[in-house]
Amino acid sequence: MSEHAQSFIAYLIGLKDSDRGALAHLKRSLGFDPGAYPRAYPYVERFVGTDKHADDPRRRAMYLAAGLFALHPLHSDGVSFASAFGRIGRERDSASIEQRFIALLGADTESLPSLLRQSVSLLAADSVGFDYASLLDDLTRWLDPFKPEARDQLRQRWARDFYRAYDPHAAYDDAIAGLPETEQTN
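All of the points below concern the structure found in this document.

Reading the values: the criteria
- Residues numbered from 1 in each chain as written.
- Predicted model: local features only at pLDDT ≥ 70, side-chain atom pairs only at ≥ 80, totals over all residues.
- Heavy atoms only, no water.
- Phe/Tyr/Trp six-rings, centres within 6.5 Å; stacked < 30°, edge-to-face > 60°.
- Helix = DSSP H or I, 4+ residues; strand = E, 2+ residues; numbered from the N terminus.
- Buried < 20%, exposed > 50% of the residue type's maximum accessible area, 1.4 Å probe, protein only.
- Contact = heavy atoms within 4.5 Å.
- Polar contact = N/O pair within 3.5 Å; in protein donor to acceptor, adjacent residues only side chain to side chain.

This paragraph deals with the packing of aromatic side chains. Applying the stated criterion across every chain yields a total of 16 aromatic pairs. On the numbers, 5.9 Å between centres and 15° between planes, the contact of Phe81 with Phe85 is stacked. Taken together, the positions of Phe81 and Phe85, both in helix 5 (residues 81-92) and 4 residues apart, correspond to about one turn of that helix. Taken as a pair, Phe81 and Phe85 share a single burial class, namely buried.

Within the element layout of this structure, Arg155 appears in helix 9 (residues 148-166). Taking the C-alpha atoms as reference points, Arg155 and Phe32, 123 residues apart in sequence, are found 24 Å from one another. Beyond its immediate chain neighbours, meaning those up to four positions away, Arg155 contacts Leu105, Gly106, Ala107 and Trp142. Of the polar contacts made by the side chain of Arg155, one reaches the backbone oxygen of Ala107; its length is 2.6 Å.

Shown next as structure tokens:
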């Protein structure tokens, strides 16, 4: 993950501890298109950079990640969003979590913020954190209309992360399948 993403998330973690009003504005921004809620500007624009236009994927990803963080400010280094979501699916033993995740993987850029907000709300209900810096980098790829292959690779990685957490036996079975036949029986 990028240093820029890490410093932005560190800033948001600092806001959680020092400025609840800022988090309220960022949370409220989830009701708007990413980057379209003026009260969130003071908390995000300082990290955007002068070369970014209003529809820049990184800028939009920063607003979305900031709003999601405000909704559920529990950051866990190294835990991908998809792994965290797979974990609650496994713990709840819920096929509906899997269906929500599949819908999320199929989301276009317009429906992504709403589906992510619902997903993060589920994570918040179970107090499951994830790595927001990694999510920010992922959202930048997802929201880039000029790199569909990067978005497809991201979706595949999220699917792998989700299913490894959702069904930990599948990861074990994959590892066994990769061993030479003599080692599989020992």
